Each structure stands twice: as structure tokens, then as C-alpha cells.
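The chain contents come next:
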Amino acid sequence: MHAFIGQMYPLCRSITGAGFRETLSLVSRHIPLEIHEVPTGTPVFDWTVPKEWNIRDAYVKDSAGRRVIDFRRSNLHVVSYSIPIRTTLPLAELKDHIFTLPEHPDWIPYRTSYYQETWGFCMSHNEMLKLKEDHYEVCIDSSLEPGHLTYGEYYLPGEKEDEVLISCHACHPSLCNDNLSSVAMITFLAKHMSEHPRRYSYRFLFIPGTIGSITWLCLNEEKVSKIKHGLVAACVGDPGKSTYKKSRQGNAEIDRVVAHVLQHSGSEYEIMEFSPYGYDERQYGSPGFNLPIGCLMRTPYKCYPEYHTSADDLDFVRPECLADSLRKYLAVLNILEKNRTYLNIYPKCEPQLGKRGLYRLIGGDRETGFDQMSLLWVLNLSDGSHSMLDIADNAGYKFSIISKAAEVLEEKQLLQLTENEITG
Ligand SMILES: [Zn+2]
């Protein structure tokens, strides 16, 4: 995943344009992505698909012809969506178009101007201080013209049409944790899911933030009722603890599954309530959709100083943190796949476990298998109204132990799926 991030890192992505397309083509080397192109001007709810932005070069040259700001050194140097400009300016006027971060004077900030036609440069504060009184040649060789908004989609059919939606934004330029970490992780998650049998169908979206989810929801409204669970992935490669922001519903199955995985992960974590800010969960969780989609990340946006700066680079995301995030996502999907509701076939008093060969399992290892208590919990709570996850949470067991116990009890014909599970 880290090497894959390294491949995508140099591309100048934005919410539209060649950098976004090239990123999707790199993802397509791993999974068969369907590429959608939505024309500029397409109305999507209260929004309109914007003009397409592309950039070839940008610089500021001093009177000696030296590039004092050079897009070729870092694509963060240009405010994303800057209109084309060619002019000469004195330092004072140039400074009106320069953004820096005085509190982190060696870092380049990341700035955008999607919905206001303007131009600007970003640079480290220390480099800015070095600029002398001079007349500077300014060039942004960009285009902002009717074109398309591009997004990538990978639909993976399962036994049933009910879907799990996994979504990430891929619209930031050279920024690793915020954007590329989740693009890489979702690519490998999708690849893994494609290689295993699935009860649910899965839909993986690689979209530009905000306008991408609005566009997808608007053009695919008839598919929305199939979405039963979902996660927005972002910031999954930094060394911070895992953080889960709940769906708008707050107690959806996905919220309980992620909480369960984090509780049993053995490491520190945090769970946040939903708020109408952040990533695309705010569109999926708008009142007209109210989808059960939360956001599983590590350190949340804005909560690490490297956020939206050149310091969110290849060193800031760590292979072991990416791997840990992927493991947690896999654990979540595994529980969603296996979380079923059973009925105890012998609900009147306890069935006799000894005569069914389950006696020898008493005192089994809690970590690797199951013990008598897990069997008793499953039998007792399998009254048709408790799922395996309910039982695990009630009994304080890891889901895998309860799931294993249910498997054994089903094998011994003490347990059967509820009518709903069979027909649904
Ligand atoms: Zn961002």
C-alpha cells in the first residue's frame, strides 16, 4: 500500500482533470474500475458539475529569470483550480496571491479555490521571507473549461443485492494521509473482497470530495435503497489511534460493528458522534438519505498539524499503520458478513450438551476457540431477536468466539437461522 501511495503521490489531482483520471488508471491496475465521466454543467441536486481544471506548469520568476516558486518541484505550490494567468507584478501585489503557514514556516500549505475563479500560489513561510523587492513574472499555465467530472466505481456482486458502500475521496494533490492512504487501502480491500465469497454486494467509490458524492447520489438515487451499511475511508495511514465517527443514525449496525472491532482491537481508539462536517459522510448522512455510513479513520482531519500541508507526505504515512487500518476494515466487513440471527431449536430449558459431544469443549480457550459460556450465551440469547453481534456485546465476547460457537451449535442442530434470515 505504501509503495502504491508512492506511485500516486506525484500526480496533481484536483476535483476534476487529468491528475484524477491518471490516479484512477493506477487503481485500475489492481481492480477493474468502471470510469464514469459526468459533463460540466450537469445539475446535481442544488449543485452543478464544475468546469474541468488542468494544469501543465506554473511558476514565479524573479527579474534574473530564476524560478522562486516552481510547480514542477511541488504541485502544492499552486492553489488548486487557479485560473490561467500571465503577468508581471511587484512583490507587494504578488504577496496578495501567496499563502504561507507562519506557524510551520518550512511547510507548504494546500489551498483550493473550486467555486471562485481566482489564482494563487502556496509556499513555505521561510521561502516567502527570502523574496526581495523586484518585479516578478507570474505564470499559471492552466485551463478551466467545460469538460467532465470523473469518478471510479467498482461493483462487486454478492449472494444478495443488499450493498455495503465504501467510499473515498481522491481529489487532493501530493497529500498522503488525507486522500492517498484511503485510495490505496480501499484498492487492496476491494481486491481482497473480490477473492472471497460474499453474502453482501460491495460498491467501492473513488470520487472527488463533496461534489463527487453529491453527483453519485444524484445520478444513482434508485440504487440508494440497496445500501445497508457503509464506510467513508480517510486518513488511514498516520500513526495516531483509530477514530470512528458514527453514522447520522448513531446506532446502525455499522456503528455497533465498528465499535466492537475497536473495543477488541487491543489498542487505543476513539468514537465520535456524527456531525455534519468532515468528509462525504455528510452527504450520505444528509436528511434525504440518512444512510448508515460512518467514517473510520485514524487521526481526524484538522487534528494533526501536517493536515493539508506538504508535511502530509510519504514519511507521515506508515506501512504498519496502513496495514492496521486494513485489518480493521477487514474485521468490520467480516462481522457484517457473518452477523446473523438464529433461533434456539430447544428453547425450553438447556439442551443436553454432553450427549452431543460438546461437553469436552467445556473450559476451552477463550482466545482461540470458545468455551462453555459462549455456547450457553448463544443458546440463551438465540430467541430470534438477538444477532450474533448482540450476543457478543451482551456477553462481553469477541464476535469471532460467538460466531464459532454458533457454527458448532448449528452443526449439532441446536440452532437454526430465523425465518427472516432465510427469506431476507
Ligand atoms: Zn482534505
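Attention here is on the structure that accompanies the text. (Residues numbered from 1 in each chain as written. Predicted model: local features only at pLDDT ≥ 70, side-chain atom pairs only at ≥ 80, totals over all residues. Heavy atoms only, no water.)

**Notes on the nonpolar core**
Link 1 in the chain: Core analysis: the biggest nonpolar cluster contains 131 residues, and Phe121, Phe204, Phe206, Leu231, Tyr284, Val332 and Val378 have the highest contact counts within it.
Link 2 in the chain: Residue contributions to this core peak at nine residues, all from helix H5 (residues 176-194).
Link 3 in the chain: Ignoring any residue separated from it by four or fewer positions in sequence, one finds Phe206 in contact with Phe20, Leu24, Val27, Ile31, Leu33, Tyr151, Gly152, Cys168, Val183, Ile186 and Thr187. (Core = buried A, V, L, I, M, F, W, Y, C linked by side-chain atoms within 4.5 Å. Buried < 20%, exposed > 50% of the residue type's maximum accessible area, 1.4 Å probe, protein only. Helix = DSSP H or I, 4+ residues; strand = E, 2+ residues; numbered from the N terminus. Contact = heavy atoms within 4.5 Å.)

**Section: the packing of H5 against helix H9 (residues 319-338)**
Link 1 in the chain: For the pair H5 and H9, interaxial distance at closest approach is 10 Å and the crossing angle is 45°. In terms of axis orientation, H5 runs oblique to H9. Regarding H5 and H9, the two cross each other, and that crossing is right-handed. In this structure, H5 contributes Ser181, Met185, Phe188, Leu189, His192 and Met193 to the contact, and H9 contributes Leu322, Ser325, Leu326, Tyr329, Leu330 and Leu333. (Axes fitted to C-alpha atoms, helices over the stretch in contact; angles between N-to-C directions. Parallel < 35°, antiparallel > 145°, perpendicular 65-115°, else oblique. Left-handed = near helix turned anticlockwise from the far one by under 90°.)

**Some words on the sheet that holds strand S17 (residues 341-344)**
Link 1 in the chain: Strand order in the open sheet made by the three strands is S18-S17-S19, with antiparallel pairing throughout. Edge positions in the sheet fall to strand S18 (383-387) and strand S19 (415-417), since each of these pairs with one other strand and no more. This sheet shows a mean twist of 40° between the axes of neighbouring strands, independent of strand direction.
Link 2 in the chain: Here two bridges tie S17 to S18, and the two strands are oriented antiparallel to one another. (Pairing = 2+ DSSP bridges.)

**Some words on the packing of aromatic side chains**
Any pair of aromatic rings gets described here by the distance separating the centres and the angle formed by the planes.
Link 1 in the chain: Considering all chains together, one arrives at 13 aromatic pairs under this definition.
Link 2 in the chain: Seen in terms of ring centroids, Trp47 and Tyr115 are 5.7 Å apart; in terms of plane orientation they differ by 75°. Their pairing is edge-to-face. With Trp47 in strand S3 (residues 47-48) and Tyr115 in the loop between strand S7 (98-99) and strand S8 (121-122), the pair connects residues that are 68 residues apart, well separated along the chain.
Link 3 in the chain: Through a chain of ring-to-ring contacts, three or more aromatic side chains come together here, namely Trp47, Trp53, Tyr81, Tyr114 and Tyr115.
Link 4 in the chain: Between Lys245 and the ring centre of Phe274, over which it is positioned, the NZ or CZ distance is 5.4 Å. (Phe/Tyr/Trp six-rings, centres within 6.5 Å; stacked < 30°, edge-to-face > 60°. Lys NZ or Arg CZ within 6 Å of the ring centre and 35° of its normal.)

**A closer look at the coordination of the zinc ion**
Link 1 in the chain: Taken together, His172 (NE2), Asp178 (OD) and His308 (NE2) make up the full set of protein donors to the zinc ion, lying 1.9 to 2.1 Å away.
Link 2 in the chain: Between the donor residues of the zinc ion, the gaps in sequence give the motif H-x5-D-x129-H. Pair noted here: His172 is in the loop between strand S11 (163-169) and H5 and His308 is in the loop between strand S16 (293-297) and H9, with a separation of 136 residues, a long-range link.
Link 3 in the chain: Note on His172: relative accessible area 8%, which makes it buried. (Donors = N, O, S within 2.8 Å, 3.2 Å for Na, K, Ca; no water.)

**As for the sheet that holds strand S4 (residues 52-61)**
Link 1 in the chain: With antiparallel pairing, the four strands of this open sheet are ordered in space as S5-S4-S9-S6. Unpaired on one side and paired on the other, strand S5 (67-70) and strand S6 (85-90) mark the two borders of the sheet. Neighbouring strand axes in the sheet, compared pairwise and without regard to direction, differ in orientation by 15° on average.
Link 2 in the chain: Where S4 meets S5, three bridges bridge the pair, whose relative direction is antiparallel. In the sheet register, Tyr59 faces S5, and the bridge partner there is Asp70.

**Concerning the pattern of salt bridges**
Link 1 in the chain: Under the criterion given, the structure shown has 22 salt bridges.
Link 2 in the chain: One salt bridge in this structure joins Lys160 and Asp162, with 3.7 Å as the shortest N-O distance.
Link 3 in the chain: Taken together, the salt bridges that share partners define one network made up of Asp57, Arg67, Asp70 and Arg72. (Salt bridge = Lys/Arg side-chain N within 4 Å of Asp/Glu carboxyl O.)

**Side note on the environment of Gln249**
Link 1 in the chain: Within the secondary structure, Gln249 is located in the loop between strand S14 (242-245) and helix H7 (253-263).
Link 2 in the chain: Under the relative-accessibility criterion, Gln249 is labelled partly exposed at 35%.
Link 3 in the chain: It is 21 Å that separates the C-alpha atoms of Gln249 and Thr341, two residues lying 92 residues apart in sequence.
Link 4 in the chain: For Gln249, the contacting residues outside a window of four places in its chain are Asp255, Asn290, Leu291 and Pro292.

**Quick word on the side chain of Lys245**
Link 1 in the chain: Among the secondary structure elements, Lys245 is positioned in strand S14.
Link 2 in the chain: What makes Lys245 buried here is its relative accessible area of 0%.
Link 3 in the chain: Aside from chain neighbours lying at most four places away, what touches Lys245 is Met272, Glu273, Phe274, Ser275, Tyr277, Gly278, Glu281, Gly294, Cys295, Met297 and Tyr301.

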